[in-house]
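Architecture and fold: a report
Below are the chains, spelled out letter by letter.
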Amino acid sequence: MKKKLALWLGCICLVIGVLAFYISTIDNKQVHSAIAPTDIPVKTRLKSLIDEGADMCLEPEEFYLTDDAIRVIELPETGESLTVLDESEFICPTMASMYCGSGGCSVHFLLEKESISLQLQGWEYKDGQLLFGAHGTACGNENGSKTCFMTVTVKEGYFNVE
């Protein structure tokens, strides 16, 4: 009975997360609202995000990350490091779809001075730019059939939406 209740609660949380994503769309004009200035060290923020992921798992002791969950990208243009935490690489055996939905998966981009956390269907770092692919509704496509793309660069420790 407890497992069924926990599963239903997990489903409800997932639905709430998806609804929150649709309410707060992330087109280029609105990515700015997803940027959070901070003075908390990257390692502390990273640990907090991982701990939150483990806490969401029905059996937190079985939660783990794949080797690709955390990437550190050296930005030669600025000499900075960008830490990326991709929740599509979170593993919770009792709740396979806990961290991703039809809108994509949460991905967190952490700099020393700022962070961005977005629901993405994919992302890539190429030629000094972060390329984001989001659900089509993020750019106004009502049925979401076409992926929405955004470009972000890092300049002087801050994210810049282009």
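Note that the coordinates shown come from a computational prediction; the quantities given were computed from them, not determined experimentally.

With that out of the way, let us pick up the pairing of strand S9 (residues 122–126). With five bridges connecting them, S9 and strand S10 (residues 129–134) associate as antiparallel partners. Within S10, the residue paired with Gly122 across the bridge is Gly133. From the end of S9 to the start of S10, which pair antiparallel, there are two residues, and Asp127 there has a positive phi angle of about 50°.

Considering all chains together, one arrives at two disulfides under this definition. Residue pairing for Cys57: its cysteine sulfur links by disulfide to Cys92, the two sulfurs lying 2.0 Å apart. Classification of the bridge connecting Cys57 and Cys92 rests on its S-S torsion, roughly 85°, and on that basis the disulfide is right-handed. Of this pair, Cys57 sits in the loop between helix H3 (42–56) and strand S2 (64–65) while Cys92 sits in the loop between strand S5 (90–91) and strand S6 (100–101), placing them 35 residues apart in sequence. The burial state of Cys57 is the same as that of Cys92; both residues are buried. The disulfide partner of Cys100 is Cys105, and the S-S distance across this bridge is 1.9 Å. Linking Cys100 and Cys105, the disulfide has an S-S dihedral of approximately 115° and is accordingly described as right-handed. Judged by its relative accessible area of 23%, Cys100 is partly exposed. According to the relative accessible area criterion, Cys105 is buried, its value standing at 12%.

Criteria and cut-off values
- Residues numbered from 1 in each chain as written.
- Predicted model: local features only at pLDDT ≥ 70, side-chain atom pairs only at ≥ 80, totals over all residues.
- Heavy atoms only, no water.
- Pairing = 2+ DSSP bridges.
- Helix = DSSP H or I, 4+ residues; strand = E, 2+ residues; numbered from the N terminus.
- Disulfide = S-S within 2.5 Å.
- Buried < 20%, exposed > 50% of the residue type's maximum accessible area, 1.4 Å probe, protein only.

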